[in-house]
Structure formats: structure tokens, C-alpha cells
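# A look at the structure
Given next are the chains, with one letter for each unit.
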Amino acid sequence: MGHKQPPTPIQTDNSTAEGIINSRVQPKRTKAMDMQFHWLRDRGVNQQQFRFYWRPGSLQRADYYTKYHSPAHHRQMRGEILSPYKVVMDLREHMQKVKK
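Please read all numbers here as calculations on a predicted model, not as lab measurements. (Residues numbered from 1 in each chain as written. Predicted model: local features only at pLDDT ≥ 70, side-chain atom pairs only at ≥ 80, totals over all residues. Heavy atoms only, no water.)

What follows covers the nonpolar core. Counting residues in each nonpolar core, the largest one holds five residues, listed as I20, I21, F37, F50 and F52. Broken down by secondary-structure element, the contributors of at least two residues to this core are α1 (15–21) and β2 (50–54). Those residues in contact with F37 that lie beyond four places of it in its chain are A17, I20 and I21. (Core = buried A, V, L, I, M, F, W, Y, C linked by side-chain atoms within 4.5 Å. Buried < 20%, exposed > 50% of the residue type's maximum accessible area, 1.4 Å probe, protein only. Helix = DSSP H or I, 4+ residues; strand = E, 2+ residues; numbered from the N terminus. Contact = heavy atoms within 4.5 Å.)

Shown next as C-alpha cells:
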């Protein structure tokens, strides 16, 4: 479309995968790697469409839904992940008014 855009940031908590994509780690057997991985490497390193970086798993919000966490972690993340009950009820009330 002609609009210059910065590279899309993509974070991972797998330091080996990040190192391979950013060409800091050279795997012994690249033939066994999935073609999607090669595509990401080409788009990220050669074409500068993506910027891959490592981030600890504890800071990845998507991990909240896919990994086991202690009850203390759930209490800590509750405010960031779940909407407060009042907000949900206000939204429902607003949507009912809009439908009428």
C-alpha cells in the first residue's frame, strides 16, 4: 500500500527459537525444521518485517491461559486478566439499551 511500517514485534520465551530466528544460534539440522520457521526467519531477518525478541515466560500474558500457575499467581493476575464484575454488568446494561 506504500506506507512504510516498522517491524512487527514478536516476543517468545523460548531463547533457542529466538536465537535461531535471529541467526545467533545455528542448528545442526535445518532440514528437519518446519518451513514456517524458515519463512519467519526470512521475513524477520532478511526483509525486516518482524522483530523477534526474548521475554521471560512469567511476563507473557498469553501463558496465563496455557500453563499451570499457583493460586498466588492467579490472585496477582486477576486484576489484569479479568474484567471487574461491575464493568461487565455496565456493559451488558449498555448493550441492552442499544438493542432497543
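Here the focus is helix α4 (residues 71–81). Restricting attention to buried positions, one finds in α4 the residues H73, M77 and I81. One face of α4 carries all of its buried residues, which in axial projection span an arc of 55°. Opposite the packed face of α4, turned more than 90 degrees from it, sit the exposed residues P71, R75, Q76 and G79. On the buried face of α4, the contacting elements are α3 (63–66). (Arc of directions from axis to C-beta.)

The next thing to look at is the layout of surface pockets. One water molecule sets the probe size; rolling that probe over the atoms shows where empty space is left. Of the volumes computed, that of the largest pocket is approximately 210 Å³. In this structure, the largest pocket is lined by 14 residues; those nearest its centre are S58, L59, Q60, R61 and M77. Here the element with the most residues in the lining of the largest pocket is α4; it accounts for four residues. Here the residues of the lining of the largest pocket sort into three nonpolar, seven polar and four charged. (1 Å grid on protein atoms, 1.4 Å probe; cavity = no way out; pocket = protein on both sides within 12 Å on 5 of 7 lines; lining within 4 Å. Points joined across faces, edges and corners; volume = space filled by probe spheres on them. Nonpolar A, V, L, I, M, F, W, Y, C, P; charged D, E, K, R; others polar.)

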